[in-house]
Amino acid sequence: MQSCYDVVIVGGGMVGGALACALGNTSLKVAVIETQLPAAFDVTQDHDLRVSALSIASENILKSVGSWQGIIDRRSCPYRRMKVWEASEEHAATLFDSVKLKYDHLGHIVENRVIQLALIDQMKALDNVDLITPAKTHKIDYSPGFSIVELDDGRQLVARLLVAADGGDSRVRQAVGIGVQKWDYEQHALVASVITEDAQQDITWQQFTPTGPLAFLPLSGHRASLVWYNTPSEVKRLMRTTDEEFLAELTHRFPATLGNIESLLGRGSFPLRRQHAQQYAKEGVVLVGDAAHMIHPLAGQGVNIGLLDAAALAQTLMTALEEGEDISSMAVLSHYEKHRRRHNFIMMQAMDLFYRVFSNDLLPLKLLRNVGLGVAGKASPLKNKVMAFAMGLEGDLPEIAK
Ligand SMILES: Cc1cc2nc3c(=O)[nH]c(=O)nc-3n(C[C@H](O)[C@H](O)[C@H](O)COP(=O)(O)OP(=O)(O)OC[C@H]3O[C@@H](n4cnc5c(N)ncnc54)[C@H](O)[C@@H]3O)c2cc1C
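For the protein, an unreviewed UniProt entry supplies the name 2-octaprenyl-3-methyl-6-methoxy-1,4-benzoquinol hydroxylase and the organism Neptunomonas qingdaonensis. Database annotation for the protein, UniProt heading Sequence similarities (unreviewed entry): "Belongs to the UbiH/COQ6 family." The record in UniProt for the protein states the following under Cofactor (unreviewed entry): "FAD".

Below, the structure is given as structure tokens:
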């Protein structure tokens, strides 16, 4: 059985879901294929390990597509301040405070599942969006303006425009023959979910050490997500320790600012790689989110730039509709590609610079770090720029992100 759609989005994660919602109530017939629905949310559940720091721009996008309230109603933690410092130099820490920019907060920490569930609620409410789940792509026959996606159960979807929102290992990207440039960072991220004795829910902080940053992300209640970036072998060793040994390591290695950890709720590790698609679009197909780019998460930007992709692509397609253009043509898709690829490339370069400058012990780089943090902390226009960057409000933004 074949069903025809204007847009078929493979991947109903945070980015694919946001794109579908942004295309809601348009004349486009949209399908979203998602392998599996996330488990239902219950406020008595422990926090998930996978959380994201959402910028103000992401909040604006999620508000505009009607999903923000679903996030707030479930669980989230706004933070007002952000602090960064070099190991053992907390006295010289650089503090960013939203009050200085006349904002209530700098961002929110939200569980990825909560974001996805809020988007799914919205997708289900939209007449022009069909959420097809659980379903997996079995075969993708790419043909410009007429691609056929065959699902595991034999159903076939015909797409005028095929969207790859299926993450870093995107099958769509591979099926249409778009290559990537990639390399592994010599770092893994160990994420631990903990309960702390102190309430410190209005701040997120990051301490730079020669082996990689240590980060604190507040969750609701006294809960927090700790991120420990280190060499792959050290992260593997830490993952093999017992809970008791691991808690002792956290207490020993994390700065005193953290205070006592009352209990460990869970931990997991993630290898980190940088990956960038050689092109974001071909006639009849387009890439968004991690399918297009994967960056170092130390500044928490991956999903934020993915949501900007979704917003920019939706804006491009809606403009094309208004002007009677073909949404699957390169003439249209190249607007999106040109705008987002450049922006994301700059973000990737900035993350790589942070990674290299902040994850080693060479004296010249240590001096550079101290000068950099000192300047960012004191000079007001630059400080405001850094804050605007962290809030996602820097650069040429799609309308719904402003
Ligand atoms: C440790 C860590 C911390 C991070 N912290 C942050 C942060 O604080 N802030 C931030 O902005 N980013 C952060 N990121 C990055 C962020 O998690 C990713 O950028 C984000 O998940 C990308 O979203 P996505 O929707 O593009 O892809 P994914 O989250 O990978 O979603 C892809 C979706 O596609 C579905 N799918 C895959 N294949 C198929 C198929 N064949 N058929 C149907 N469906 C399919 C999957 O089930 C999934 O739902 C972090 C990353 C890591 C590793």
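Engineer: Would you explain the sheet that holds strand β4 (residues 77-79) in this entry?
Structural biologist: The pairing of strands in a sheet comes from backbone hydrogen bonds and takes either a parallel or an antiparallel form. Spatially, β3-β7-β4 is the arrangement adopted by the three strands of the open sheet, whose pairing is antiparallel. Every other strand in the sheet has two partners, leaving β3 (51-55) and β4 as the edge strands with one partner each. Neighbour to neighbour, the strand axes of the sheet diverge by 30 degrees on average, direction disregarded. Direction of pairing for β4 relative to strand β7 (residues 107-111): antiparallel, over a ladder of three bridges. Of the residues in β7, the one forming a bridge with P78 is H108. Where helix α2 (residues 56-64) meets the sheet, its contacts fall on β3 and β7, and the angle it forms with β3 comes to roughly 90 degrees. Running at roughly 90 degrees to β7, helix α4 (residues 112-125) makes contact with β3 and β7 of the sheet.

Engineer: Looking at this structure, how should I read the packing of α2 against helix α8 (residues 302-322)?
Structural biologist: What describes two packed helices is the angle between their axes and the distance between those same axes. With their axes 9 Å apart at the nearest point, α2 and α8 run at an angle of 40 degrees to one another. With respect to α8, the axis of α2 lies oblique. Note on packing geometry: the crossing formed by α2 with α8 is left-handed. Listed contacts from α8 to S58, I61 and L62 of α2 are N304, L307, L308 and A311.

Engineer: Looking at this model, I keep getting lost on the pairing of strand β15 (residues 223-230). Mind explaining?
Structural biologist: It is a general feature of regular strands that their side chains alternate between the two faces of the sheet. Taking burial as the measure, the eight residues of β15 include seven buried ones, the bulk of the element. Relative to β15, strand β12 (residues 180-196) is paired through eight bridges, and the arrangement is antiparallel. Bridging across to β15, S193 finds its partner in S225. Bridge count between strand β14 (residues 214-218) and β15: five bridges; the pairing is antiparallel.

Engineer: Which parts of the structure should I look at to understand the site of the ligand?
Structural biologist: Around the ligand sit 30 residues, and of these E34, T35, A53, D290 and V303 come closest. A distance of 3.1 Å separates an oxygen atom of the ligand from a polar atom in the backbone of V15. Here an oxygen atom of the ligand and a side-chain polar atom of E34 are 2.7 Å apart. Considered on its own, the ligand offers 1000 Å² of accessible surface; in the complex 82% of this is hidden by protein. Going through the elements one at a time, α1 (14-22), β3 and α8 are the ones with two or more residues in the shell around the ligand.

Engineer: Help me understand α4 in this model?
Structural biologist: In an α-helix there are 3.6 residues to a turn, and that puts residues three or four apart on one side. Over its 14 residues, α4 extends 20 Å from the first C-alpha to the last, a length consistent with the 20 Å expected when each residue adds 1.5 Å. Looking at α4, one finds that the buried residues are N112, R113, V114, I115, Q116, L117, A118, L119, I120 and M123.

Cut-offs and rules
Residues numbered from 1 in each chain as written. Predicted model: local features only at pLDDT ≥ 70, side-chain atom pairs only at ≥ 80, totals over all residues. Heavy atoms only, no water. UniProt positions renumbered as here; feature names shortened; annotations may be inferred. Pairing = 2+ DSSP bridges. Helix = DSSP H or I, 4+ residues; strand = E, 2+ residues; numbered from the N terminus. Axes fitted to C-alpha atoms, helices over the stretch in contact; angles between N-to-C directions. Contact = heavy atoms within 4.5 Å. Parallel < 35°, antiparallel > 145°, perpendicular 65-115°, else oblique. Left-handed = near helix turned anticlockwise from the far one by under 90°. Buried < 20%, exposed > 50% of the residue type's maximum accessible area, 1.4 Å probe, protein only. Near = heavy atom within 4 Å. Polar contact = N/O pair within 3.5 Å; in protein donor to acceptor, adjacent residues only side chain to side chain. Areas by Shrake-Rupley, 256 points an atom, 1.4 Å probe, with all protein chains shown as cover. Expected span 1.5 Å × (residues − 1).

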